[in-house]
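Below, each chain spelled out in residue letters.
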Amino acid sequence: MGEFKVHRVRFFNYVPSGIRCVAYNNQSNRLAVSRTDGTVEIYNLSANYFQEKFFPGHESRATEALCWAEGQRLFSAGLNGEILEYDLQALNIKYALDAFGGPIWSMTASPSGSQLLVGCEDGSVKLFEVTPDKIQFARNFDRQKSRILSLSWHPAGTHIAAGSIDYVIVFDVKSGSITRKMVLDRQHLGVTKSRCIVWGVAFLSDGTVISVDSVGKVQLWDSATGTLVKSHVIANADVQSIAVADQEDSFVVGTAEGTVFHFQLVPVTSSSSEKQWVRTKPFQHHTHDVRTVAHSPTALISGGTDTHLVIRPLMEKVEVKNYDAALRKITFPHRRLISCSKRRQLLLFQFAHHLELWRLGSTGATGKNGDTLPLSKNADHLLHLKTKGPENISCSCVSPCGSWIAYSTASRFFLYRVKYERDNISLQRVSKMPAFLRSALHILFSEDSTKLFVASNQGSLHIIHLLEGNFKHLHTFQPQSGTVEAMCLLAVSSDGNWLAASGTSAGVHVYDLNHLKLHCTVPAYNFPVTALAIAPNTNNLVIAHSDQQVFEFSIPDKQYTEWSRAVQKQGFHQLWLQRDTPITHISFHPKRPMHILLHDTYMFCIIDKSLPLPNDKTVLYNPLPPKNESDVFLRRTAHAFKISKIYKYSGTGDEESEVILSIMASSKPARTIEYPVLKHVGAGRMTQNQTVLWQTHSSRKEKLQVELRV
Amino acid sequence: MAALEEEFTLSTGVLGAGPEGFLGVEQTDKADQFLVTDSGRTVVLYKVSDQKPLGSWSVKQGQTVTCPAVCNFQTGEYIVVHDHKVLRIWSNEDVNLDRVFKATLSAEVHRIHSVQRTEPLVLFRRGAVRGLEALLAEPQQNIEAVIPDEEVIRWSEFFMVFKQPVLIFITEKHGNYFAYVQLCKSHGLSKYTLLLGKEEKFIKQNFTARVDGKFISLVSLSSDGCAYETLIPLYSNDAENNQRLGRALMLKAVVSGGARNGTTITILDQDHVAVLGPPLPASKECLSIWNIKFQTLQTSKELPQGTSGQLWYHGEALFMLHGKCLTVIPYKCEVSSLAGALGKLKHTQESDSHSMPHFVNWVTCSGYEPESYSTEQSKTLRKKNIEINLQPEVPGAKQLLSIIKKGSEKHIEVELRKFLAKSTPDFHTVIGDIVAGLLERCKTEPSFYPRNCLVQLIQTRVLSYSLCPGLMEIALEHTDVQMLQLCLQQFPDIPESTTCACLKLFLSDTIQDEQKEMEEQTEIVQNGFSPEDSSCSKDSQQLNKKPEDEAKETVSFPVTSCPVAPKRAALLNAVLHSAYSETFLLPHLKDIPAKHITLFLQYLYFLYLKCSGNATMTLPGVSPPTLSQIMDWICLLLDANFTVILMIPEAKRLLLNLYKFVKSQISVYSELNKIEVSFRELQKLSQDKSSRGLYSIEVLELF
C-alpha cells in the first residue's frame with residue numbers, strides 16, 4: 001500500500017494550561033471553558049464535542065468566572081477587575097468593563113439572564129443589567145469585610161447566596177441587604193484551620209443553600225432560618241467547585257484531591273416521599289485539583305489543573321448507546337499548532353507566547369516496517385521567537401519555502417522574513433503592516449510562497465502578494481452582506497487558483513484567485529468543518545466534519561464527486577464514526593492521486609479511493625497480514641481505509657516530497673512527569689499577602705514562588 | 001454415555017440423490033449449516049435446526065459436479081469442482097453458478113478439503129496437493145503426478161495437527177492399498193504400504209482416521225466385518241520411504257461378514273465409532289455406536305429403508321441417506337465413565353437405555369470392570385438379573401423412614417444398603433430425610449447410634465452440614481473421631497464453632513486413650529478413616545530406631561519429630577483442610593486449653609519445617625495441608641492465644657523457635673527483595689537503551 005518514513009517528533013513540548021472555569025449552556029448545548037492563561041474555548045456538545053471556537057488568552061487576564069447570560073451571550077470576569085463579553089460570531093472580545101471593585105472572584109447571571117452579579121475583592125457584590133449590546137452597572141449590595149468568592153441566585157431571582165471567608169451570606173435582591181449570615185465551622189477532624197474559604201455556593205428553589213469549603217465539607221443550610229441542616233465531610237483537602245442540575249435532583253462537587261463526587265436527592269425509603277441528599281458516586285478522573293464542575297442534563301463536566309476536560313455521562317440519563325454514552329477526556333486543542341515547510345523540512349511550533357522553528361533530521365538508510373533508522377543528521381532547533389506583549393498567539397504559519405513566518409495575536413499581526421546563510425539564520429520583521437491586518441484567525445501561504453492569505457475576524461479574507469522583503473495588498477474578499485461570521489479554516493490549491501475558506505457554521509466558500517471572485521459555496525452541513533484541503537491536479541476539495549464524515553467536492557465541476565456520493569450512499573464504517581477526536585489535517589500523496597491522507601489525535605489513515613469501501617462486517621483496523629499470505633488473500637480483504645494507530649498526533653501530519661511522510665507526534669501534556677504541572681499546595685490562592693506557594697509535581701522538588709499580579 | 005437422539009429428515013426435493021448417494025456433506029463456517037452435494041449437478045445449503053434448505057445452486061445442464069462442495073472457512077465462500085477441472089467459488093449472495101468466479105485447472109481434481117483455521121487444500125487425481133490460494137494465483141500451473149499411474153485414490157482426509165495441515169490419502173492398485181501422508185507446510189510426503197489379512201477379499205475397504213498424538217489412527221472396515229486399526233506415523237523418521245504397516249484388530253464383527261456394499265465406519269471421538277451396515281447377514285441395515293475402549297455396543301438404530309452406505313459426522317450430527325431422505329441423527333456422548341462404558345448389548349430392551357441410573361454404586365460397579373468382551377458380557381447379564389430379582393424387595397424411601405423409627409440398628413443397616421444400591425430420582429432430598437430420621441431417633445434414644453449407616457450416608461457425598469445439623473454434634477457426643485474426620489473431609493459448610501469443637505476433641509487426652517485401643521483394631525475400622533500422612537509415621541519410625549539421637553534432640557527441641565501420634569496428626573490435618581472464616585474462628589480458638597494450643601502449635605511448626613524442607617514447599621502424601629493453610633493456622637492460634645502462651649514455660653521454647661524462624665525468613669526475604677530491586681533496575685537500564693529519544697525516523701508500512 002505504501003511505505004513511509006515517519007519523523008517521530010517528541011520535542012514539541014506543548015503543555016496546555018489548566019482549566020479554571022467551565023460554563024454549560026443548555027440552550028445551545030455548548031460548553032465554554034476558560035483556562036488559567038485566559039484562553040476561552042467553546043465546545044459544541046451536539047457536534048461530537050468539537051472545539052469550534054476559541055479566544056486566545058492574555059497574560060493579565062486571569063479568568064476567574066465565566067457565565068452565559070441573555071441566552072447565548074458569554075461573559076467572563078477575572079483578577080484584573082474587568083468584565084468581558086465575547087463576540088461569538090466575529091470571535092473577538094466585544095468590550096471590557098471595569099467593575100471598580102478590585103479583582104473579581106465570582107460572577108453569575110440571574111435565572112432570567114438579564115442581570116449579572118459579580119463578587120469582588122473589596123467585599124462588594126455588584127449588580128449589572130444586561131442591555132442588548134452592553135452591560136450597565138445597576139447597584140451595589142451591602143458590602144462585606146472580605147472578598148466574595150462565590151455567588152448563586154435563588155431560581156426565583158429574589159435572593160442570592162454569597163460565599164466569603166468563614167461565612168455564607170444571603171442577600172435580598174430587591175433591597176440589597178443581608179437577610180441571613182451563616183458562619184462555617186473551621187474544624188476539620190479536630191484540627192482548626194485558620195480560615196474556612198467558601199469556594200462555592202448553590203441556592204436551591206426550596207431555600208436550601210449548599211456550600212463547599214476549604215475544610216473539605218459540603219454543607220446544606222436552611223436559608224430561612226440560617227441553620228445547618230446537613231454536613232458531609234468528603235475530602236481532606238479543599239472542595240473547590242459545585243454545580244447543580246437544572247431539575248435540582250443532583251449536584252456535583254470537585255475536590256482538590258482530583259475527585260468528583262455526585263450527590264443525588266433520593267427517597268429515604270423506597271415508599272416514602274421524603275427525600276434526602278446522598279453522596280452516590282465518586283469519580284477519579286483527574287490527577288490534580290478539580291477547579292470547576294458543570295452539570296449538563298446528561299453528564300458531569302469537570303476540569304482542573306491537570307488540563308483535562310472530562311465529560312462523564314450519567315448512565316441513568318443516557319438512553320441509547322451512542323456518542324454521548326462514552327466518557328470523554330479532551331486534552332489536545334482541536335486545531336493545528338504546527339505548520340510545515342516542505343521544501344526546507346522545517347517545522348514551526350506554536351506555543352502560547354513563543355514560536356519554535358526546527359529543522360528535521362535526515363537519514364540515508366532504508367528499512368522495513370517498524371524499524372528505527374539511524375540518523376545521518378539530527379533535528380536542529382533553529383529559532384525561538386518570543387512574542388511582544390501580553391497576548392497569546394492565536395495562529396501562525398511558515399511558508400512552504402521556509403523564508404516567511406507569520407503569526408498573529410488578538411490585536412497584532414507579525415510577518416518575518418527568514419534568511420538562511422549556511423548555518424546562520426537571520427530574521428527580519430516586515431514593518432508597516434497595513435491597518436486592516438490587525439488580527440488573524442488563520443494564516444496560509446500559497447504553494448509557491450508568493451501569496452499570503454489571512455482570515456481575519458469580521459469574516460474578511462485578505463490576499464497579500466509577497467515580494468523580496470516587501471508586500472503588496474492584492475485583494476480582500478468581504479463577507480457576504482449581512483454575515484459577520486469569522487472564517488477559521490483555509491485551504492489553497494497547489495496551482496494557486498482556488499482558495500477554500502470555512503467558518504464555524506456556514507458552508508465552505510471557494511474563491512477563484514485568478515478572477516478574484518467567489519466561485520461557489522459548498523452546501524452547508526449540520527456539523528462544523530474540522531479540516532480542509534484541496535487535492536493537487538484534480539482540485540477536489542476534501543472536507544472533514546466533526547461527525548467524522550468526509551466529503552469530496554470537485555471545485556471545477558461545482559459538485560460532489562462520484563466517490564463522495566458513493567461513500568455517502570454506503571455510509572462510513574461504524575468504528576470510523578465512533579472515533580472520538582476530530583480529523584485535524586488532510587493532505588495528499590503527490591504521486592498517488594487516488595490517496596487521501598488524514599489523521600486525528602490517535603490514528604493516521606490513508607483512504608485509497610480505488611479500493612472498495614469497508615462495510616460494517618469487514619475489519620476496519622486491519623492488522624498487518626502475515627508475510628506468507630499470497631496476494632489473493634490481500635486482494636479480497638483489502639478496503640479503502642488503511643489505518644495506523646502507532647503514533648499520536650497533536651499537531652499536523654504533513655507529507656514531504658516523494659513518498660516520505662512526516663508526522664509530528666507530540667509529547668503528552670501533564671500526564672508524564674517530564675513536563676511539570678503545578679500542583680496546588682496548601683490553601684492556594686487565598687493567602688493574605690497574595691503570595692502563593694506552588695510546588696512542581698515532578699520529581700524535581702523545587703519550589704516556585706508565583707506572584708499573583710493583582 | 002453415547003446416545004443417538006431422535007432422527008429427523010431434511011427435505012430432499014431439490015436433490016437428485018441417486019442410488020449411489022451423495023458426493024458429500026460438508027460443514028460451513030456457520031455451526032448449524034451444512035453443504036450437501038448430490039451426485040449430479042446440485043449443491044444445497046441446509047440449516048439443520050430449521051430442517052430446510054437455505055440455498056441451492058446447480059451447474060449447467062451437461063456439466064457434472066465431481067467433487068463435494070466445501071466451505072472456505074477463512075472467507076466464508078463455497079468451492080466446488082465440476083467436470084473434474086473447473087473450479088467455482090461463490091458466496092451466499094450469488095444466485096447463478098455460471099456467473100461466479102471460475103478457474104479452469106490443468107489437472108483433474110480428486111477432492112477439495114477444507115477445515116477450520118486454514119486455507120482449503122486441493123487434492124488432484126494424481127496425488128498432487130495445492131493450497132487454494134496458491135492455485136488461484138496461477139490456475140493453469142503445471143500439476144505433477146505424485147502417485148504411479150495405476151494407483152487410484154480411494155479415500156482422503158485432512159487434519160490440522162499442531163497448526164500444521166496434514167493430508168492423508170489411500171490409494172489402491174490391484175487390491176493393494178497404500179497410504180500417503182502429506183505434510184503441507186514442510187512438503188514432506190511419506191508413502192506406506194498397508195498390510196492386510198491374507199485370506200480377505202477386498203470388495204470394498206472403508207476408511208476413517210483420527211489424529212492420535214504423533215500418529216494417524218487409520219481405522220478400516222474390512223469385508224470380514226471387523227474393524228482394524230493401523231497407526232501411521234505423522235513424521236516419518238525413516239529414510240526409506242515405502243514402509244509397511246501392519247494392522248490390529250479393533251472391533252470384532254461389527255457388521256455381517258458377508259455384507260454387500262453399504263457398510264461404512266466413522267470415528268466419532270477417541271472412544272467411539274459409528275458403524276453403518278447390517279449387523280447380521282440377514283438383518284436390515286443398522287447404525288450402531290461402539291465404544292472402542294470397552295468393546296461395547298453403546299446404542300444402535302435400525303434403518304429399515306436401506307442406506308447408500310455413506311455416513312458423515314459433523315458437529316454432533318450424523319448424516320446419511322435413509323431411503324430417499326437425507327436423515328440427520330444428533331449424536332451425543334457424555335464423558336465416558338466406567339459405569340457408562342458397561343453399556344448395553346443389542347439384546348437388551350430399548351426402554352432400558354432411557355432410564356439411565358442417576359446414581360452409580362461404585363462398590364458394585366467396580367466389580368464389573370471388563371476384562372474381555374465375552375466375560376464382561378456375561379457378568380453384565382448376571383448383574384442385570386440380580387437387580388431385577390432384587391427390585392421388589394428394595395424398600396422405598398417411605399418404608400425406610402418407618403423402619404428407621406422403630407427397627408433395630410442391624411435391620412436399618414441392611415435396608416439402607418439395599419436402598420442405596422437402588423437408583424432413586426430425587427436422591428438428595430431422600431438422603432436428607434433419612435439422615436434427619438436417624439438423627440431424630442439418636443436424640444430420643446441415647447443408646448441408639450447407627451454408626452455404619454451414618455458413615456455410609458456421608459460417603460454418598462451428597463450430605464452437607466446444613467442438611468444434617470445434628471450429625472456432628474452427636475458424633476462429638478460419642479467422641480467418634482472417625483466420623484468427625486469424615487465429616488470434616490466431606491462437608492463444605494461446617495460452622496467455625498463445630499470445627500473448633502472437633503479440634504478441641506482431637507487435641508484432648510481422651511483421644512490418646514482411645515487411640516491405644518484402636519491401634520489393635522485399625523484393620524477393621526479402616527473404613528473412611530484415611531491413614532495419616534506417611535511422612536509422620538515414617539519419621540516416628542525413624543526416630544524409634546535411633547532413640548539416642550532422639551533423646552539428644554528432645555533436649556534442644558524436637559524439631560524433626562512429630563509431636564503427635566500419626567492418628568492424631570491425620571485428624572488434625574482434616575481440621576487444617578476445613579474451610580473457615582477468621583473472625584468467626586478466633587473467639588472459639590480462645591476456649592482451647594493452653595496446653596493443647598501448645599501441642600497444636602508444635603505440630604504445625606513441625607509441618608512447616610517439613611514443608612520448607614523441600615523445594616516445592618509441599619508435604620508428601622495424599623491431599624496434605626498446604627503451606628498457606630499451615631501458616632494461617634499458626635497465625636490464628638497465636639492471634640487468639642498469644643498472651644496465654646506467653647505465660648506457659650513449655651511454650652517458651654516453641655515461641656523462641658518460631659521467632660527465630662520468622663526472623664531468618666525476614667532476612668532471607670529482604671535479601672531477595674534487594675536482588676529483585678537490582679534486577680528491576682537492570683531491566684530499566686536495558687529498556688532505556690531501546691527507548692527512542694525525542695526524535696527518530698521510523699518506517700511505517702500500511703497494507
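Here the structure is a predicted model, which means the values were calculated and not measured. By convention here, each chain's residues receive numbers from 1 onward along its written sequence. Each chain is given a letter, starting from A, and each ligand a number, starting from 1, according to the order in which they appear as written. Given that this is a predicted model, residues contribute local features only at a pLDDT of at least 70 and side-chain atom pairs are listed and counted only at 80 or more, while totals for whole chains, interfaces and linings are drawn from all residues. With hydrogens and water set aside, each side-chain value is computed from the structure's full complement of heavy atoms.

Chemist: What am I meant to see in the pairing of strand E30 (residues 695-702) of chain B here?
Modeler: Working note: regular strand, side chains alternate between the two faces of the sheet. Under the scheme applied here, a residue whose accessible area is under 20% of the maximum for its type counts as buried, over 50% as exposed, and between as partly exposed, the area being computed with a 1.4 Å probe on protein chains only. Secondary structure is summarised from DSSP: a helix means a run of H or I of at least four residues, a strand means a run of E of at least two, and numbering begins at the N terminus for each. The element E30(B) is extensively covered by neighbouring structure, given that 7 of its 8 residues are classed as buried. Paired strands, in this sense, are two strands between which DSSP finds at least two bridges. Examined bridge by bridge, strand E35 (residues 372-373) of chain A and E30(B) share 2 bridges and lie antiparallel to one another. Counterpart to Leu373(A) in the pairing with E30(B) is Ile697(B).

Chemist: What exactly am I supposed to notice about helix H9 (residues 451-459) of chain B here?
Modeler: Helical periodicity: at 3.6 residues per turn, an α-helix aligns residues three or four positions apart in one direction. All names here are of chain B. Every buried residue belonging to H9 is among Cys 453, Leu 454, Val 455, Gln 456, Leu 457 and Ile 458, and all of these are buried. Buried residues along H9 sit in contact with helix H7 (409-421), helix H8 (427-444), helix H10 (470-477) and helix H11 (481-490). Positioned one or two residues after H9, Arg 461 has a phi angle of 65°, which is positive. By definition in these notes, contact holds between two residues if any of their heavy atoms fall within 4.5 Å.

Chemist: Whenever I open this one, the pattern of salt bridges confuses me. Can you help?
Modeler: Two side chains with opposite charge may pair up if their charged atoms get near one another. All names here are of chain A. Think of a salt bridge as a Lys or Arg side-chain nitrogen and an Asp or Glu carboxyl oxygen that are within 4 Å of each other. Overall, the coordinates contain 27 salt bridges over all chains when judged by the stated rule. The closest approach of N and O atoms between Asp 380 and Arg 359, which form a salt bridge, is 3.7 Å. Of the two residues, Asp 380 sits in strand E36 (residues 380-386) while Arg 359 sits in strand E34 (residues 354-359), which places them 21 residues apart along the sequence. By relative accessible area, Asp 380 is classed as partly exposed at 31%. One continuous salt-bridge network, built from bridges that share partners, spans Arg 73, Glu 85 and Lys 94.

Chemist: I'm lost on a nonpolar patch on the surface in this one. Help?
Modeler: All names here are of chain B. The patches described consist of residues with a relative accessible area above 30% and no salt bridge, like charges being joined within 9 Å and nonpolar side chains (Val, Leu, Ile, Met, Phe, Trp, Tyr) within 5 Å. Note that accessible areas follow from Shrake-Rupley with a 1.4 Å probe, and for residues the cover is restricted to the protein chains shown. On the surface, a nonpolar cluster with roughly 710 Å² of combined accessible area is contributed by Val 668, Tyr 669, Leu 672, Ile 675, Phe 679, Leu 682 and Leu 685. By the element assignment, Leu 685 lies in helix H20 (residues 649-690). A residue is classified by how much of its surface remains accessible, and Leu 685, at 55% relative accessible area, is exposed.

Chemist: Whenever I open this one, the confidence of the model for chain A confuses me. Can you help?
Modeler: Detail in the predicted coordinates should be disregarded across regions flagged by low pLDDT. What pLDDT expresses is the predictor's confidence in each residue, scored from 0 to 100. Predicted confidence across chain A gives a mean pLDDT of 81, with 86% of residues reaching 70 or more. Taken as a whole, residues 651-710 of chain A scores under 50 in pLDDT and shows 168 contacts with residues more than four places along the chain or in a different chain.

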